[in-house]
Amino acid sequence: MALVVAQEVPTSSSMAVPHGPAGVGQARRCMRDQLRMSGVSEGVVDDAVLILSELLSNACRHGRPLGDAAVVGDGNVRAAWRLDKRGKLTIEVTDGGGPTRPVPATPSVTAHGGRGLGIIAALGEEWGVRDGAAGEVTVWVVLGTRTKDEPELSPARAAAIPPVAGW
């Protein structure tokens, strides 16, 4: 007889990511592992990881770290994601704000950047920007995790998803 140990799969996660390219890979790996364990399809996982990468890259390029990094801040931005009972995945990245608001650009064919929010808009069902305390800026994206033919989460699976404070 084999012993089976149930492992609780997180349906939400929040992590501090260093303000700069160093933490982006770690955040992507963490998200990929958690979404796979939650049973999210590989195509949706790929889209979610791409969205997270774009949001983190934009936060590092255009935003400041959370807090006053020179005085009290830790030099991080915050990445968070949550899978809700309707099968929607919300991805958020919060930074300390910047000199401009996040707005999709129309880059030239030869431009080296400016496509991130366009990619996010194309992949997500909806997205937006939310202002927070002390100048914080959060860019969020909602991504569907099931096709029209798939049912909503089963009542048992839906009941297992704990509410997350602040969401």
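Here the residue index of a chain counts from 1 through its sequence in written order. Where local features are concerned, this predicted model is filtered to residues with pLDDT of at least 70; where side-chain atom pairs are given and counted, the filter is 80 or more; whole-chain, interface and lining totals use all residues. Remark: hydrogens and water are excluded; side-chain values derive from all non-hydrogen atoms of the structure.

### Overview of the environment of Leu117
Mapped onto the fold, Leu117 is located in helix α3 (residues 116-123). Think of it in three bands: with a 1.4 Å probe and only protein chains considered, a residue is buried below 20% of the maximum accessible area for its type, exposed above 50%, and partly exposed in between. On the basis of relative accessibility, which here comes to 9%, the residue Leu117 falls in the buried class. Leu117 sits 11 residues away from Thr106 along the chain, and the two C-alpha atoms are 10.0 Å apart. Contacts are residue-level and defined by heavy atoms, with any inter-residue pair within 4.5 Å sufficient. Leu117 has contacts with Asn58, Pro102, Val103, Pro104 and Trp127, leaving out every residue within four places of it along the chain. Each helix is a run of DSSP H or I of at least 4 residues and each strand a run of E of at least 2, with the numbering of both proceeding from the N terminus.

### Considering the confidence of the model for the protein
Note that predicted coordinates carrying low pLDDT should not be read in detail. What pLDDT expresses is the predictor's confidence in each residue, scored from 0 to 100. Looking at the protein as a whole, the pLDDT averages 78, with 73% of positions reaching at least 70. The low-confidence segment residues 156-167, where pLDDT is below 50, has 17 contacts with residues more than four positions distant or belonging to other chains.

### A short note on the nonpolar core
Across soluble globular proteins, you tend to see nonpolar side chains buried next to one another. Take the buried residues of types Ala, Val, Leu, Ile, Met, Phe, Trp, Tyr and Cys, join any two whose side-chain atoms come within 4.5 Å, and each joined set is a nonpolar core. Ranked by internal contacts, the top residues of the largest apolar core, which has 28 residues, are Leu52, Leu56, Trp81 and Ile91. Contributions of two or more residues to this core are made by β1 (12-18), α1 (24-37), α2 (42-62), β2 (76-83), β3 (88-95), α3 and β5 (137-144). Sorting elements by how many residues they give to this core places α2 first, with 9 residues. Not counting residues up to four positions away in its chain, the partners in contact with Ile91 are Met31, Ala48, Ile51, Leu52, Leu55, Ala80, Trp81, Val139, Trp140 and Val141.

### Here's the deal with the packing of α2 against α3
Packed helices, taken two at a time, are described by the angle between their axes plus the distance between the axes. Comment: axis = line fitted to C-alpha atoms, over the contacting stretch for helices; angle = value between 0 and 180 degrees taken between N-to-C directions. Running from amino to carboxyl end, α2 crosses α3 at an angle of 150°, the nearest separation of the two axes being 10 Å. As far as their axial angle goes, α3 and α2 are roughly antiparallel. In this structure, α2 meets α3 at a crossing whose hand is left-handed. Facing α2, whose interface residues are Asp47, Leu50, Ile51, Glu54, Leu55 and Asn58, α3 presents Gly116, Leu117, Ile119, Ile120 and Leu123. All amino acids are sorted into three groups, where Ala, Val, Leu, Ile, Met, Phe, Trp, Tyr, Cys and Pro are nonpolar, Asp, Glu, Lys and Arg are charged, and the leftover types, Gly among them, are polar. Here the contact of α2 with α3 is composed, by residue class, of 7 nonpolar, 2 polar and 2 charged. With respect to orientation, any angle under 35 degrees is reported as roughly parallel, any angle over 145 as roughly antiparallel, any angle of 65 to 115 as roughly perpendicular, and every other angle as oblique. Note on convention: near helix rotated counterclockwise from far helix by under a right angle means a left-handed crossing. Clockwise means right-handed.

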